[in-house]
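Here is what each chain is made of, one letter per residue.
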Amino acid sequence: DVESGLSRAQIRLLDKNGFFVIEPNWDKYPYLKMHQPYEHMEYTFNSMIITTDVVLHMWHVFFAESMKALETIEYLPNLEELSLQMEQQAIDAYRNGPDALDEAYANVIAFFHVANSLLRTEEPGWTSKLTAAPSGDALETAEAELANIEAETADESPLLGRKIDYSQFKVRGHYTTSPELTRYFKAMMWYGLMGFDLKEQPEEAALITDFLTKNKDLMALWQKNYELTAMYSGESDDISVPQMQEALKSFQGKDLNRELINQSGRKALTQAIKKLPEPRIVAQLSEENQDFKVEKNFKFMGQRFSVDAYIMQKLMKPIVRPLPTAFDVFAAMGSAPAESYLRENYDTNQAWPEYDDELESLKKEYAAGELTDGDNFYNGWIRAIDRTLNYVPEGKEIPYF
């Protein structure tokens, strides 16, 4: 059509859909990022349509870029200071504590020595920041753990006494973009993945919490990092420092070392741990993978609860449906088109009939609102997607496209 400048095929698409898509002139406008076409139209005074995908994309960019900046400027220096001081405290306590707790103290030293090794830079004098270096069992355990991390495969953890998937330490996403972010990623993965089983190693959890509780400056550093990360990603799904503080309340004013080595103190700690909440996201394990199993466990910087991870782990079953998809999440959020696409293109109930009941249960749980009621950026992101997919203001219709 000479008058409009559009082809007949383009006009047909315009009539049918309300829009059509064409290739940009890459030679004239070499756009590299999503915002650049819009920026160009601003400068050339052309009309533009702002679509929901652009708004959601900009939300994501803000989330990712601001988090990356905070990780570099705030979290990493705090984590370096905190980790060094925690290892120093553990070494000092090992020298002065009862022999009966030597193994627990050595494990705590090894735990923080691994983190400090992952955070270490080539900066002169890094090692001198510790007035003493670990040795003996603590050093041997730490070096074995660092070898496992380097290998990035599933292996037995000498520190925790169970199998760990060390492939989780493979650096990914924006953490590959700078040496600082890479160091931060590995240390936080260590703190978030390696949990002390509270049935098998309650002493380690109690001692780490006690170090923080007795030192206001260290607790302030821990809280600052925890609260900032919680603002982005939500609260920890694991037993972490605040929960262990609650479990240790009955020991206030008492010698914790003495309580941990006498029968009545151990019994009191066991009872307090039983009252702590269970995590909501738990790995689904097959019979072949029972070596990875862990009961309620303590993590120094626990991994966070997210609604999509929760939905996915509920909608998978080892062997019969081992791989969930993003469409599971949208279906559980109530999106009929997502569920239709899911049913047509992915295995759902074919080998696992219980899938249908699980999905219906999750739809009800999600609709109740409690899974995304926390005030953090991650939940805001999920709620924004939810409203885009499922919400039409009363008395209005969804736009043509």
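The rules behind these values
Residues numbered from 1 in each chain as written. Predicted model: local features only at pLDDT ≥ 70, side-chain atom pairs only at ≥ 80, totals over all residues. Heavy atoms only, no water. Buried < 20%, exposed > 50% of the residue type's maximum accessible area, 1.4 Å probe, protein only. Helix = DSSP H or I, 4+ residues; strand = E, 2+ residues; numbered from the N terminus. Arc of directions from axis to C-beta. Contact = heavy atoms within 4.5 Å. Core = buried A, V, L, I, M, F, W, Y, C linked by side-chain atoms within 4.5 Å. Expected span 1.5 Å × (residues − 1). Axes fitted to C-alpha atoms, helices over the stretch in contact; angles between N-to-C directions. Parallel < 35°, antiparallel > 145°, perpendicular 65-115°, else oblique. Left-handed = near helix turned anticlockwise from the far one by under 90°. Nonpolar A, V, L, I, M, F, W, Y, C, P; charged D, E, K, R; others polar. Patch = residues over 30% accessible without salt bridge, like charges linked within 9 Å, V, L, I, M, F, W, Y side chains within 5 Å. Areas by Shrake-Rupley, 256 points an atom, 1.4 Å probe, with all protein chains shown as cover. Salt bridge = Lys/Arg side-chain N within 4 Å of Asp/Glu carboxyl O. Lys, Arg positive; Asp, Glu negative; His and termini not counted. Charge placed at Lys NZ, Arg CZ, Asp CG, Glu CD. Phe/Tyr/Trp six-rings, centres within 6.5 Å; stacked < 30°, edge-to-face > 60°.

## A word on helix α14 (residues 336–345)
Consideration 1: Those residues of α14 lying buried are A338, E339 and L342. Along the axis of α14, the buried residues cluster in a sector spanning 95 degrees; they form a single face. Turned more than 90 degrees away from the buried face of α14, the exposed residues are A336, P337 and E344.
Consideration 2: Residues of α14 that are buried sit in contact with α13 (326–332) and α15 (355–367).

## Quick notes on the nonpolar core
Consideration 1: If you look at the biggest cluster of nonpolar residues, it comprises 72 residues, and the most contacted ones within it are F111, W190, M244 and F300.
Consideration 2: By residue number, the principal contributor to this core is helix α4 (residues 102–119), which donates 12 residues.
Consideration 3: Setting aside residues no more than four positions away along its own chain, W190 makes contact with F111, V114, A115, L118, E145, I149, L159 and F169.
Consideration 4: Ranked by size, the runner-up nonpolar core spans 19 residues in total, among them F305, V307, W352 and Y355.

## Observations concerning α4
Consideration 1: Taking 1.5 Å of rise per residue, the 18 residues of α4 would be expected to cover 26 Å, and the 26 Å separating its terminal C-alpha atoms lies within 8% of that figure.
Consideration 2: With 15 of 18 residues buried, α4 is to be regarded as a mostly interior element.

## Things to note about the packing of α4 against helix α6 (residues 179–193)
Consideration 1: Running from amino to carboxyl end, α4 crosses α6 at an angle of 165 degrees, the nearest separation of the two axes being 8 Å. On the basis of their axis angle, the class for α4 and α6 is roughly antiparallel. Considering how the two elements wind past one another, α4 and α6 form a crossing that is right-handed. Across the interface between the two elements, F111, F112, V114, A115, L118 and L119 from α4 touch R183, K186, A187, W190 and Y191 from α6.
Consideration 2: Here the residues of the contact of α4 with α6 are counted per class, giving nine nonpolar, no polar and two charged.

## Some points on a negative patch on the surface
Consideration 1: On the surface, E103, D137, E140 and E143 cluster together to form a negatively charged patch.
Consideration 2: The biggest single contributor to the negative patch is helix α5 (residues 136–151), with three residues.
Consideration 3: Mapped onto the elements of the fold, E103 is located in helix α4.

## Describing the packing of aromatic side chains
Consideration 1: On inspection of all chains with the given rule, the structure shows 21 aromatic pairs.
Consideration 2: Considering the side-chain rings of F327 and Y346, the 5.9 Å spacing of their centres and the 40 degrees angle between planes classify their relative orientation as tilted. Residue F327 is located in helix α13, and its partner Y346 is located in the loop between α14 and α15; the two are separated by 19 residues in the primary sequence.
Consideration 3: Exposure remark for F327: the relative accessible area of 26% places this residue in the partly exposed category.
Consideration 4: Three or more aromatic residues link up through ring pairs in this structure, and these residues are F111, F112, W190, Y191, F196 and F300.

## Structural notes on the packing of α4 against α5
Consideration 1: Axis separation between α4 and α5 bottoms out at 8 Å; the angle between their running directions is 45 degrees. If you check the angle between α4 and α5, you find them oblique. Both α4 and α5 take part in a crossing whose hand is right-handed. Mapping the contact onto sequence places A106, I109, A110, H113, V114, S117 and L118 in α4 and A138, L139, T141, A142, E145, L146 and I149 in α5.

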